[in-house]
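Listed below are the residues making up each chain.
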Amino acid sequence: METELSIEPQSLKKLSFKSLKRSLDLFSPTHGQIPPPDAESSKIRISHKLNSDYVRVKTMSSEHATNAAKSQVQQEPTPSNALALPGPQQSNDTQMGGPPKDLVIGSTGQPRGSADAGGQGRSSAIIPSNVSSERWCSLEAWGSEHVNFCHHGKNSKQMASSCLACTLEELQSEILLPWLTDMLVISGHLGWVRSVAIDPSNTWFCTGSADRTIKIWDLASGRLKLTLTGHIDQVRGLAVSNKHTYMFSAGDDKLVKCWDLEQNKVIRSYHGHLSGVYCLALHPTIDILLTGGRDSVCRVWDIRSKAQIRTLPGHDNTVCSVFTRPTDPQVITGSHDSTIKLWDLRTGKTMSTLTHHKKSVRAMAPHPTEDCFVSASAENIKKFRLPRGEFMHNMLSQQKTIINAAAVNEEGVLATAGDNGSLWFWDWNSGHNFQQAQTIVQPGSLESEAGIYSIMYDLTGSRLITCEADKTIKMWKEDETATPETHPLHFKPPRDMRRF
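- An unreviewed UniProt entry lists the protein under the name Pleiotropic regulator 1, with Salvia splendens as the source organism.

## Considerations on the overall build of the protein
Logical step 1: Scanning the protein from terminus to terminus reveals seven helices and 31 strands.
Logical step 2: By the burial criterion, 46% of the 500 residues in the protein qualify as buried.
Logical step 3: Counted over contacts in the protein with a minimum sequence separation of 6, partners at least 24 positions apart contribute 47%.
Logical step 4: Summed over its atoms, the accessible surface of the protein is roughly 26,500 Å², and 53% of this surface lies on carbon and sulfur atoms.

## Some remarks on the packing of aromatic side chains
Logical step 1: For the coordinates displayed, the defined rule picks out nine aromatic pairs.
Logical step 2: An aromatic cluster is built from Phe323, Phe373, Phe384 and Phe391, whose rings are joined through pairwise contacts.
Logical step 3: Lying over the aromatic face of Tyr453, Arg194 brings its terminal NZ or CZ to 4.2 Å of the ring centre.
Logical step 4: Between Arg236 and the ring centre of Tyr278, over which it is positioned, the NZ or CZ distance is 4.0 Å.

## Observations concerning the sheet that holds strand β23 (residues 381-385)
Logical step 1: Strand order in the open sheet formed by four strands is β21-β22-β23-β24, and the pairing between neighbours is antiparallel. Where the open sheet ends on each side, the last strands, each with one partner, are β21 (363-366) and β24 (390-394). When strand polarity is set aside, the average angle formed by the axes of neighbouring strands in this sheet is 25°.
Logical step 2: In this structure, strand β22 (residues 372-376) lies alongside β23, joined through five bridges in antiparallel fashion.

## Let's talk about empty space enclosed by the protein
Logical step 1: Tallying each qualifying case throughout the model produces three cavities of 30 Å³ or more.
Logical step 2: The computed volume of the second largest cavity comes to approximately 40 Å³.
Logical step 3: Lining the second largest cavity are Ser377, Ala378, Glu379, Asn380, Ile381, Ser397, Gln398, Gln399, Lys400 and Ile403.
Logical step 4: Within the lining of the second largest cavity, the residues separate by chemical class into three nonpolar, five polar and two charged.

## A few points about the sheet that holds strand β13 (residues 277-282)
Logical step 1: The four strands lie next to each other as β13-β14-β15-β16, forming an open sheet whose pairing is antiparallel. Each of the sheet's edge strands pairs with one partner strand only, and the pair in question is β13 and β16 (308-312). Pairs of neighbouring strands in the sheet enclose a mean axial angle of 20°, with direction left out of account.
Logical step 2: Where β13 and strand β14 (residues 288-293) come together, five bridges link them in antiparallel fashion. Looking across to β14, one finds that Leu282 is bridged to Leu289.

## Observations regarding the pattern of salt bridges
Logical step 1: Counted according to the given criterion, the structure contains 12 salt bridges.
Logical step 2: Taking the shortest distance from any N to any O, the salt bridge between Asp287 and Lys243 comes out at 3.6 Å. Of this pair, Asp287 sits in the loop between β13 and β14 while Lys243 is found in the loop between β9 (235-240) and β10 (246-251), placing the two residues 44 residues apart along the sequence.
Logical step 3: As a salt-bridge pair, Asp295 and Arg299 come within 3.2 Å of each other at their nearest N and O atoms. Accessibility assignment for this pair places Asp295 and Arg299 in one class, buried.
Logical step 4: One salt-bridge network, in which partners are shared between bridges, spans Lys243, Asp287 and Arg304.

## Quick word on the pairing of strand β29 (residues 452-457)
Logical step 1: Across the six residues that make up β29, a large majority, five, are buried.
Logical step 2: The sheet contact formed by β29 and strand β30 (residues 463-468) spans five bridges and is antiparallel. The partner of Ile455 across the bridge, within β30, is Thr466.
Logical step 3: In textbook terms, the turn of a hairpin is the stretch between consecutive antiparallel strands, and for β29 and β30 this stretch comprises five residues, one of which, Gly461, has a positive phi near 80°.

## Re the environment of Val185
Logical step 1: Take Val185: it is sitting in strand β4 (residues 179-187).
Logical step 2: Considering only alpha carbons, one finds Val185 and Thr472, 287 residues apart in sequence, at a separation of 6.8 Å.
Logical step 3: With sequence-adjacent residues up to four places away left out, Val185 is seen in contact with Thr472, Ile473 and Lys474.

## Re the environment of Leu489
Logical step 1: By secondary structure assignment, the location of Leu489 is in the segment after β31 (472-478).
Logical step 2: Leu489 sits 55 residues away from Phe434 along the chain, and the two C-alpha atoms are 8.3 Å apart.

## Some words on the pairing of strand β11 (residues 256-260)
Logical step 1: Counting buried positions over the five residues of β11 gives five, a clear majority of the element.
Logical step 2: Here β11 shows a buried face lined by Val256, Cys258 and Asp260 and a second buried face lined by Lys257 and Trp259.
Logical step 3: In the sheet, β10 pairs with β11 via five bridges, with the strands oriented antiparallel. The partner of Ser249 across the bridge, within β11, is Lys257.
Logical step 4: Hairpin connection from β10 to β11: four residues lie between these consecutive antiparallel strands, with Lys254 at a positive phi of about 70°.
Logical step 5: Pairing of β11 with strand β12 (residues 265-270), which is carried by five bridges, proceeds in the antiparallel orientation. In the sheet register, Lys257 faces β12, and the bridge partner there is Ser269.
Logical step 6: Between β11 and β12, which pair antiparallel and follow one another directly, the connecting turn spans four residues, one of which, Asn264, has a positive phi of 60°.

The rules we used
Residues numbered from 1 in each chain as written. Predicted model: local features only at pLDDT ≥ 70, side-chain atom pairs only at ≥ 80, totals over all residues. Heavy atoms only, no water. Helix = DSSP H or I, 4+ residues; strand = E, 2+ residues; numbered from the N terminus. Buried < 20%, exposed > 50% of the residue type's maximum accessible area, 1.4 Å probe, protein only. Contact = heavy atoms within 4.5 Å. Areas by Shrake-Rupley, 256 points an atom, 1.4 Å probe, with all protein chains shown as cover. Phe/Tyr/Trp six-rings, centres within 6.5 Å; stacked < 30°, edge-to-face > 60°. Lys NZ or Arg CZ within 6 Å of the ring centre and 35° of its normal. Pairing = 2+ DSSP bridges. Axes fitted to C-alpha atoms, helices over the stretch in contact; angles between N-to-C directions. 1 Å grid on protein atoms, 1.4 Å probe; cavity = no way out; pocket = protein on both sides within 12 Å on 5 of 7 lines; lining within 4 Å. Points joined across faces, edges and corners; volume = space filled by probe spheres on them. Nonpolar A, V, L, I, M, F, W, Y, C, P; charged D, E, K, R; others polar. Salt bridge = Lys/Arg side-chain N within 4 Å of Asp/Glu carboxyl O.

Here it is as structure tokens:
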């Protein structure tokens with residue numbers, strides 16, 4: 001007699017619990033145990049870290065050892081590590097009571113670049129007599145130890161013969177010209193001024209504000225020329241095309257608009273962002289537009305067809321800064337997730353991710369002529385070398401505020417603007433902060449409205465435009481009356497550069 005076996009139907013929940021119980025019984029005894037370390041992998045990891053992080057220190061120590069051995073062989077009557085010595089004629093004149101003359105750094109009694117007793121060329125830069133020898137000793141020590149930050153960009157082999165050509169007058173002319181805000185203060189917006197862009201002909205500039213308008217101003221006189229309306233929320237990004245009479249704007253209303261400046265109206269709109277658009281950039285050579293916003297994505301648009309060519313995902317938070325280059329990496333983005341990404345525009349993939357910052361990267365600025373850029377966050381300002389994104393060094397001071405904008409001109413003057421109204425000026429090569437300015441709010445505004453949201457140099461690099469929270473636009477220029485006596489050099493080079 002045949003018996004039929006009945007299979008009890010089981011729910012999906014019961015089967016899931018059974019599977020979890022089997023997995024727990026199988027793996028729970030070893031769940032809390034850490035696997036034993038692999039000695040070979042640990043050795044490879046440590047050696048790689050030593051080679052990548054301390055290769056400069058190893059090179060410097062070998063060079064110092066070679067120089068010390070040569071100095072012991074020569075055994076000159078004067079100490080070999082004396083960097084500032086009197087010239088051959090100065091000692092006699094000083095003993096006779098004559099006026100002090102210039103000091104000589106390096107080998108005495110020989111012209112610059114001549115060979116010394118050891119057979120190698122050594123510099124003998126002339127120092128002005130009104131400069132203390134201790135100050136120039138520190139400058140030479142700085143140049144000999146930190147070869148990557150030489151004022152002339154020389155490598156370690158060229159450093160010994162030409163680094164000290166950076167005289168005091170050159171440093172003061174390139175670094176220490178202070179910037180004043182008495183040039184022009186423009187008011188006209190009814191809300192925070194959030195963005196700025198300058199015309200390629202350097203005759204006018206445009207600003208976007210929280211009052212949902214875009215205003216076009218004359219760059220020389222500061223007079224209002226035109227007001228454009230069309231956004232329904234604050235305008236966060238602006239860009240002016242080099243090829244066409246087009247202007248592009250982006251705002252918190254998720255809209256990206258293309259304006260024809262001959263007709264003064266919107267001719268194209270680019271739809272696709274899921275939230276507010278925070279930054280905008282135009283490619284320098286091809287007709288594409290890049291936008292980033294709160295949807296954590298950078299989008300690439302074709303200007304003519306309004307089509308979305310690429311979507312560059314990968315950030316975990318708002319994309320708040322972007323700039324483009326004609327060569328790879330053509331797109332660099334900074335985000336609130338504290339990372340910077342370098343993108344391959346052809347494939348739409350990330351070439352490199354820089355994780356050096358600890359806080360949001362709200363501002364980035366590429367150098368106009370060099371292949372490097374700076375990124376600014378609340379904890380530090382860092383400089384990177386392109387195209388690989390190699391970290392170069394930090395700026396020597398900390399602004400200690402949220403930095404909203406950064407800009408650099410061809411003369412190597414970097415400006416960074418903070419949420420507390422601070423505007424700091426830096427030397428691009430050394431990272432020295434030579435001026436700390438504070439903006440003044442217009443009468444009737446609160447002290448808390450001293451924030452600066454956007455800055456930009458004009459095409460000549462001689463005027464700086466700042467957009468501020470007190471609804472004003474200020475223009476800064478260099479103080480042409482400044483002299484080395486009124487603004488002396490206060491630069492003490494550090495013994496080591498912070499690399500974190």
